[in-house]
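Coordinates in review
The residues making up each chain are set out below.
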Amino acid sequence: MATTTAHPTTPGTGAPPPPRRLPVPPLVAALGAVLLGSLLCGIGLGAAGVSWAQVVRHLGAGLTGGTISPDEVAAYTIVWELRFPRAVLAAVVGAGLSAIGVAVQALVRNALADPFVLGISSGAAVGANAVLLFGALGALGIWALSVSAFVSALLAMALVYAAARTAHGLTPLRLVLTGTAMYYGFSAITTLMVFTADRGEAARSAMMWLLGSLSGAGWSSVPIAAAAVAAALAHLLLSAGRLNALAMGDETAAALGVDAGRLRRELFVVAAAVTGAVVAVSGAIGFVGLMVPHVTRMLVGADHRRVLAVAPLLGAVLLVWVDLLSRVLLAPVELPVGVLTAVIGVPCFVLLMRRRGYTFGGGA
Amino acid sequence: MRIDIADLSVEVAGNRLVHDITLRAGSGRVVGLVGPNGSGKSTLLRCVYRALRPAAGTVRLDGADVHAMDAREGARLLAALPQEASTEFDFTVAEVVAMGRLPHQRGSGRASAADLAVCERALARVGADHLAGRGFLSLSGGEKQRVLIARALAQEPRVLVLDEPTNHLDIAQQLEVLALVREGCTSRRLTVLTALHDLNLAAMHCDELYVLAHGRIVAAGPPYDVLTPKLLAEVFGVRAHRVRHPESGAVQLLFDRLAAPTAAS
């Protein structure tokens, strides 16, 4: 597919094949069903052997407020207090990262961008760490973690944007290089914070923030993250037409009656809010926001109305499975989710980069 | 719809690139903007289609200030073909044309049946209906430009602003694009303001020309009156003969060689 073809059918060099378009409503319905099935697997499978019959009974008990016998409390806790919220959170995080990947790629008009590649996720991790390790923003109570992650995501984003910007706008090369540099900077700060905090699990905690993990998930983590992701998704879906215009360039956007500057500021805040909310509960999970939008575009094309309907579902399914694998592959040891997303994501990134049309400087 | 530009000055990054421009394009006219590279043509046009705000002066459509209008309202009156048309996102031709309906839509911009019909007509009008399912990125330069004209027509504007629409096109494509523009002009009473590089094309296709140099208008009027050997030497630094096209009667230029350098220009 990546080799040069010698068919001069279309003028121009190496024209890509006509884009494929799957019909969106059936795809969304199918992905919804797959997501439900995946959630069930996420709840039913794990290191501790809980039979499917028990899983179903405990889920029923939890959902309807039924009773269970005392000797089943351990299994009930595993199903209802650990696996269920964790699977739901994985879906929320996967959906959020994918939607924000789409938004950030339109924002910088570059398909190699996502919050992780641009260092925004690791920036948010610095803020979350400050709260967890040093009790920053204690006055905000349960909101402290998310607010701090949001604010630091916003700052990280502004920093990347300001550093990568030139008089001629953003060039893809500068953006990705700046993001990579920022990623190392923020990761170093996080590592330093974790190790100077002098706690027992310091090393593992650093791993969790830098690579991402859902091991801390409980029901208390779900509401803020879910609300942030849902609100962002609704806003993005309503902005889909404007995102299309922005993807064609600022000049075109202006000619179509879209205020590119205002839309960018909106996307900035939305991306930072979701990144903050997601990183606060799962650390900096990489590459989901990069891969899922691409796979989605291969399936349904570039129109943001279609992409934004499909990408969050795809991301949710992906992360539920990746989290499940991270729990069972080396059980009882748990892998950070980010190790697995990197295993899939890094080759994906390299392939994308080498493809015609995504060459550095191609749009610069 | 009439375009009135009055005392317009535009600054980019603190530099004043366009000074005190006054320009008038009557309804249904094709008005050309010519001038050497860096003379401010693009900057002026970007301000007209609202990618830039003026530092001073106004751009009015039938008396209404475009910079005081709601952005969507402005885009329903005025469509533009900017010079940059690069994107990494592989939209289909139909999707690109559908973007022209954006100023007419609310919310997420779901296209109605009426919107789709407008888009189909626009594509047919530029003779590109067979391209609808193709990827925009796979098109040739001439095809892209036709599709972008279709997008502009799908906007159902009253005014069309074009920034060097014939760039990177071969001569047949150049003539085709300008014929399409002229056709839209007569059949839809569109007023056209276009920057053009090629003076002969400009002379052939425009009712009036404005000549820009160093961000100021140095001449304006019908092509024959404007494109004088004296002006061509002063502004473009070339010596040329002015002749009439044997069939159409349009003024055409025969270039001799570079003019002797004029003092301090």
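Residues numbered from 1 in each chain as written. Chains lettered and ligands numbered in written order. Predicted model: local features only at pLDDT ≥ 70, side-chain atom pairs only at ≥ 80, totals over all residues.

1. So, the overall build of chain B
Within chain B one finds nine helices and twelve strands. Scaling as 2.2 N^0.38, a compact globule of 265 residues should have a C-alpha radius of gyration of about 18 Å, and chain B matches this with 19 Å. If one aligns the C-alpha atoms of chain B with their principal axes, the spans along those axes are about 60 × 40 × 35 Å. Evaluated residue by residue, chain B yields a buried proportion of 47% over its 265 residues. Of the contacts made within chain B by residues no fewer than 6 positions apart, 64% connect residues no fewer than 24 positions apart. (Helix = DSSP H or I, 4+ residues; strand = E, 2+ residues; numbered from the N terminus. Rg over C-alpha atoms; globule rule 2.2 N^0.38 Å. Buried ≥ 20, exposed ≤ 12 C-beta atoms within 10 Å, placed from the backbone. Contact = placed C-beta atoms within 7 Å.)

2. Quick word on the pairing of strand β3 (residues 30-34) of chain B
Residue and element names in this part refer to chain B. Among the five residues that make up β3, four are buried, leaving the element largely enclosed by the rest of the structure. Pairing between β3 and strand β9 (residues 208-213): four bridges, direction parallel. Its bridge partner lying in β9, Val34 is registered against Val211. (Pairing = 2+ DSSP bridges.)

3. With respect to the sheet that holds strand β4 (residues 56-61) of chain B
Residue and element names in this part refer to chain B. Taken together, four strands build an open sheet; the order of strands is β2-β1-β4-β5 and the sheet is antiparallel. Two strands lie at the open edges of the sheet, namely β2 (15-25) and β5 (64-65), each paired on one side alone. Relative to β5, β4 runs antiparallel, the two sharing two bridges. The residue bridging Arg60 from the neighbouring strand is Asp65, located in β5. Against the sheet, helix α1 (residues 41-48) makes contact with β1 (3-12), β2 and β4, and its axis sits at roughly 115° relative to β1, the strand it touches most. (Axes fitted to C-alpha atoms, helices over the stretch in contact; angles between N-to-C directions.)

4. Digging into the UniProt feature "transmembrane region" (unreviewed entry) in chain A
Within this structure's numbering, the places UniProt gives as "transmembrane region" (unreviewed entry) are residues 27-50, 87-104, 116-135, 142-163, 175-197, 209-238, 267-295 and 335-353 of chain A. Here residues 267-295 of chain A runs as 83% helix and 0% strand, with 22 Å between its end C-alpha atoms. (UniProt positions renumbered as here; feature names shortened; annotations may be inferred.)

5. Here's the deal with the nonpolar core
In terms of nonpolar packing, the biggest core is built from 201 residues, with A:Ala99, A:Ala103 and B:Val97 touching the most fellow members. Residues contacting A:Ala99, with those up to four places away along its chain left out, are A:Val229, A:Ala232, A:Leu233, A:Leu236, A:Leu308, A:Ala311 and A:Pro312. (Core = buried A, V, L, I, M, F, W, Y, C linked by C-beta atoms within 7 Å.)

6. Some thoughts on the sheet that holds strand β7 (residues 159-163) of chain B
All names here are of chain B. Taken in spatial order, the six strands make up an open sheet running β6-β7-β8-β3-β9-β10, and their pairing is mixed. The sheet terminates laterally at β6 (78-81) and β10 (216-221), the two strands that pair on one side only. Neighbour-to-neighbour, the strand axes of this sheet turn through a mean angle of 15°, independent of strand direction. Judged from the five bridges that link them, β7 and strand β8 (residues 191-195) form a sheet pairing that is parallel. Counterpart to Leu162 in the pairing with β8 is Thr194. Sitting on the sheet, helix α5 (residues 141-154) is in contact with β6 and β7, with an inclination near 170° to β6.

7. Focus on the confidence of the model for chain A
Residues and elements named next belong to chain A. Mean pLDDT over chain A works out to 81, with 85% of the residues at or above the 70 mark. Ignoring residues within four places in sequence, the model shows residues 1-16, a span with pLDDT below 50, making 14 contacts including any to other chains. Scored below 50 in pLDDT, residues 356-364 shows 21 contacts in the model against residues more than four places distant or in partner chains. (pLDDT = per-residue confidence, 0-100.)

8. Description of the environment of B:Pro103
Among the structural elements, B:Pro103 can be located in the loop between α3 (93-98) and α4 (113-125). With 110 residues separating them in the primary sequence, B:Pro103 and B:Ala213 have C-alpha atoms 34 Å apart. B:Pro103 has contacts with A:Leu256, A:Gly257, B:Arg72, B:Ala75, B:Arg76 and B:Gln155, leaving out every residue within four places of it along the chain.

9. Digging into the packing of helix α1 (residues 24-44) of chain A against helix α13 (residues 304-328) of chain A
Residue and element names in this part refer to chain A. In contact at an axis separation of 9 Å, α1 and α13 are set at 20° when each is read in the N-to-C sense. Here α1 lies roughly parallel to α13, going by the angle between them. In the crossing of α1 with α13, the sense of the turn from one axis to the other is left-handed. Facing α1, whose interface residues are Val24, Leu27, Val28, Leu31, Gly32, Val34, Leu35, Ser38, Leu39, Cys41 and Gly42, α13 presents Arg306, Ala309, Val310, Leu313, Leu314, Ala316, Val317, Val320, Trp321, Asp323 and Leu324. Taken together, the residues of the contact of α1 with α13 sort by class into 17 nonpolar, three polar and two charged. (Parallel < 35°, antiparallel > 145°, perpendicular 65-115°, else oblique. Left-handed = near helix turned anticlockwise from the far one by under 90°. Nonpolar A, V, L, I, M, F, W, Y, C, P; charged D, E, K, R; others polar.)

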